[in-house]
Amino acid sequence: MTKPLISIIIPVYNRAHLIGETLESILVQTYSNWECIVIDDGSVDNTEGIVGEYVKKDNRFQFHKRPDNRVKGANACRNYGFELSKGEWIKWFDSDDVLLKNAISTNSSYFNSEFDVVISSLEYVDYRGIKMDKKHNFISKNTIEDYLIGKITFFTFTPTWRRMFLIQQLSLFDENIFNLDDWDFNLRMLYEDPSIAYIEEPLIQYRIHADSLSHEIGKLNFKEIRSEMHARAKHVNLIKQNKRADITVLKKFIIGRYKYFFKEAMVQKNDYRLYYLKKVLQKELQILDFKGIFKTLFGSVVFLVFNKGYKLLK
């Protein structure tokens, strides 16, 4: 009996220094019936050359460039890769992470089951590949609400999706979102009530390095923050429609995020600190949190005068 084909789809941009290790981890998988589709997003380093060596070595690897008529970004590459794929199962992967040797084989134990998606755990490693003491929380009895506010995370690469489930969806990755794209995608899939299998064994090494997006948020990259908030606002509207979660939970979480950005902007004397203050007050007014409005205004004044008041801005 032929084993089901799994398509591993990887968007890549200027990863010549990292993608070789990622592709090597796929090459040595104990499960053999896979195709790996790498979609380049306009790299200007030697990414194409590195991937090209693997294409020559093994015809299960493919290298494609994002068509010029598709918007730039990882999400367009992911969608294009899906269009090219032939697998019964789909795994979107990142160009800087590593599959452990038995990853696909372990996932494949569910390929002939009724599940729509198989979600595994991961281990965090630093840029040297050394394990970090950080836990990955991804299982919950209240999946949607806990995913909404970050109590659990799936990322882009821990789920392996059944193709038949994906092709029934109106859309896959939102090409207008470039931060929280995994959060947006996974939530929209969860709203469709997929049957989920969980694997508690870590099957992926998630590499934390200087280019990680989380560092950009910490630097108050305004473009990244705007994208995050666009994604969260999108789901406020979606939840109003599908009623799959308590919308107040997400609204309060959004206020907390804006408070975090405001506090950091105050500390860093960032040019957008008044913008974040305005957003906090707007969001608190929307849910009629007058106590919160008072604390925000009072905390802002205290911080400006005494350079203190963190607790009041939480």
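Going by the structure above, here's the rest.
Description of the structure in this document.

**Section: the packing of helix H10 (residues 247-268) against helix H12 (residues 290-306)**
- For the pair H10 and H12, the least separation of the axes is 11 Å and the interaxial angle reads 15°. When the interaxial angle is binned, H10 and H12 end up roughly parallel. When the axes of H10 and H12 are compared, the crossing they make is right-handed. Contacts from Lys259, Phe262, Met266 and Val267 of H10 reach H12 at Thr296, Ser300, Phe303 and Leu304.
- Partitioned by chemical class, the residues of the contact of H10 with H12 number 5 nonpolar, 2 polar and 1 charged.

**Topic: the packing of aromatic side chains**
- Considering all chains together, one arrives at 26 aromatic pairs under this definition.
- When the ring of Phe155 is compared with that of Phe157, the centres are 5.3 Å apart and the planes differ by 5°; the resulting orientation is stacked.
- A relative accessible area of 14% places Phe155 in the buried class.
- Ring geometry for Phe155 versus Tyr206: centroids 4.9 Å apart, planes at 55°, classification tilted. In this pair, Phe155 is assigned in the loop between helix H5 (143-148) and strand E7 (159-162) and Tyr206 in strand E8 (residues 196-207), connecting sequence segments 51 residues apart. We note that Phe155, like Tyr206, is buried.
- A network of ring pairs unites the aromatic residues Phe82, Trp92, Trp161, Phe165, Phe173 and Phe185 as a single cluster.
- Here the guanidinium or amino end of Lys223 rests over the ring plane of Phe178, the centre of that ring lying 5.1 Å away.
- The ring of Trp183 has Arg232 sitting right over it, with the charged end atom 4.8 Å from the ring centre.

**Describing the pairing of E8**
- Judged from the 2 bridges that link them, strand E5 (residues 98-99) and E8 form a sheet pairing that is antiparallel. Across the sheet, Leu99 pairs through a bridge with Ile204, a residue of E8.
- Where strand E6 (residues 117-125) and E8 come together, 9 bridges link them in parallel fashion. Within E8, the residue paired with Ser120 across the bridge is Ile199.

Reading the values: the criteria
- Residues numbered from 1 in each chain as written.
- Predicted model: local features only at pLDDT ≥ 70, side-chain atom pairs only at ≥ 80, totals over all residues.
- Heavy atoms only, no water.
- Axes fitted to C-alpha atoms, helices over the stretch in contact; angles between N-to-C directions.
- Helix = DSSP H or I, 4+ residues; strand = E, 2+ residues; numbered from the N terminus.
- Parallel < 35°, antiparallel > 145°, perpendicular 65-115°, else oblique.
- Left-handed = near helix turned anticlockwise from the far one by under 90°.
- Contact = heavy atoms within 4.5 Å.
- Nonpolar A, V, L, I, M, F, W, Y, C, P; charged D, E, K, R; others polar.
- Phe/Tyr/Trp six-rings, centres within 6.5 Å; stacked < 30°, edge-to-face > 60°.
- Buried < 20%, exposed > 50% of the residue type's maximum accessible area, 1.4 Å probe, protein only.
- Lys NZ or Arg CZ within 6 Å of the ring centre and 35° of its normal.
- Pairing = 2+ DSSP bridges.

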